[in-house]
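# Residue-level structural notes
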Amino acid sequence: MPTDRNRQSVISPRDADRAIYIDFEGFADHSPTLLGILIGDQFEQVVLDSELTSAADAKGMRLSTVAAEASQLQARSLGEQRVVVAYSQHELNVLRTYAQTEIGEVYRDARKIAKRWINRLHPDAPIQEWTLKEFLKFIEHPRGNHLGFQQSTARIRAVRDMLRKKRSYDALTPVAKAKWTKLLDHNEIDCRGMRALVQRAASELAAR
């Protein structure tokens, strides 16, 4: 019987299509700030930091907690027989650490899936490192250079710090508002890109 870690790198095309794709944004060693959830073409973002309530309201987003979202995620995964896919072990560890929720049996690691696919079917692929950005470049999935690289925490900090002073999203500077928008865009593009990557890998591996 496969272990959770071995299971994480294997996914069928059907499961890839039906999966719940998630992506947390936040600071290392802290409870996450934002959660992106993609199921099919339906995408939702949930704010997990009460200090960002005004920013959430401005974008029509729900405010919740990690524990509440973990419970809903687990219930939907089991009730609808959907696997949960995220990039690397980060989301799995966040759920364990900050929500005391274990979903190892239904968790799939997009990075492990992509590495298995590349190593088996595209060993000569010009991939410099196992990042989502590199994989999306390989499958020619548009990401947008305007989003930058590894700027999520700086954007969260800038918006949160200014909200502490201004108290209202409407009072933020255009620069701060743009940082919030780019953070949300980055999260959505990563979720949708991850889905495209896993679907491509699953399809090619199944046809092999």
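These remarks concern the structure in this document. If you're wondering where the values come from, they're calculated on a predicted model, not measured in any experiment.

### Things to note about the pairing of strand E2 (residues 34-39)
When you tally the buried positions in E2, you get six out of six residues, the bulk of the element. Burial along E2 is two-sided: Leu34, Gly36 and Leu38 facing one way and Leu35, Ile37 and Ile39 facing the other are all buried. As judged from the six bridges shared by strand E1 (residues 20-25) and E2, these two strands associate in the antiparallel manner. From the neighbouring strand, Glu25 faces E2, where its bridge partner is Leu34. Here E2 pairs with strand E3 (residues 42-47) via six bridges, running antiparallel.

### Re the sheet that holds strand E5 (residues 84-86)
Pairing between sheet strands relies on hydrogen bonds along the backbone, with the strands arranged either parallel or antiparallel. If you trace the six strands from one edge of the open sheet to the other, you get E4-E3-E2-E1-E5-E6, paired in mixed fashion. Strand pairing shows two members of the sheet lacking a second neighbour, strand E4 (62-63) and strand E6 (107-109), which therefore form its edges. Here helix H4 (residues 66-79) sits on the sheet and contacts E1, E2, E3, E4 and E5; the angle it forms with E1, its principal contact strand, is near 165°. Packing against the sheet, helix H6 (residues 110-121) makes contact with E5 and E6, and its axis sits at approximately 50° to E6.

### Thoughts on the packing of helix H8 (residues 152-166) against helix H9 (residues 174-207)
Two elements in contact, H8 and H9, have axes whose closest approach is 9 Å; the angle formed by their N-to-C orientations is 140°. Of the possible angle classes, the one that applies to H8 and H9 is oblique. Where H8 crosses over H9, the two elements pack in a sense that is left-handed. For the pair H8 and H9, the contacting residues are Ser152, Arg155, Ile156, Ala158, Val159 and Met162 in the first and Ala176, Lys179, Trp180, Lys182, Leu183 and His186 in the second. Broken down by class, the residue content of the contact of H8 with H9 amounts to seven nonpolar, two polar and three charged.

### Thoughts on H6
Helix length check: H6, at twelve residues, gives a terminal C-alpha distance of 16 Å against a target of 16 Å (1.5 Å per residue), a fit within 8%. Among all positions of H6, only Ala110, Ile113, Ala114, Trp117 and Ile118 are buried. Here the buried residues of H6 occupy an arc of 125° about the axis, which is enough to place them on one side. Of the surrounding secondary structure, the elements contacted by the buried residues of H6 are E5, E6, helix H7 (132-138) and H9. Sitting at the head of H6, Asp109 places a side-chain oxygen 2.9 Å from the backbone nitrogen of Arg111.

### Describing the nonpolar core
One finds Ile11, Tyr21, Val85, Met194, Leu197 and Val198 to be the most contacted residues of the largest nonpolar core, which totals 27 residues. Secondary-structure elements contributing two or more residues to this core are H6, H7 and H9. The element contributing the most residues to this core is H9, with seven residues. Among residues more than four places away in sequence, those in contact with Leu197 are Ala114, Trp117, Leu132, Phe135, Leu136 and Ile139.

Criteria and thresholds
Residues numbered from 1 in each chain as written. Predicted model: local features only at pLDDT ≥ 70, side-chain atom pairs only at ≥ 80, totals over all residues. Heavy atoms only, no water. Buried < 20%, exposed > 50% of the residue type's maximum accessible area, 1.4 Å probe, protein only. Helix = DSSP H or I, 4+ residues; strand = E, 2+ residues; numbered from the N terminus. Pairing = 2+ DSSP bridges. Contact = heavy atoms within 4.5 Å. Axes fitted to C-alpha atoms, helices over the stretch in contact; angles between N-to-C directions. Parallel < 35°, antiparallel > 145°, perpendicular 65-115°, else oblique. Left-handed = near helix turned anticlockwise from the far one by under 90°. Nonpolar A, V, L, I, M, F, W, Y, C, P; charged D, E, K, R; others polar. Expected span 1.5 Å × (residues − 1). Arc of directions from axis to C-beta. Polar contact = N/O pair within 3.5 Å; in protein donor to acceptor, adjacent residues only side chain to side chain. Core = buried A, V, L, I, M, F, W, Y, C linked by side-chain atoms within 4.5 Å.

Treat this as a map of the structure, not an account of what it does.
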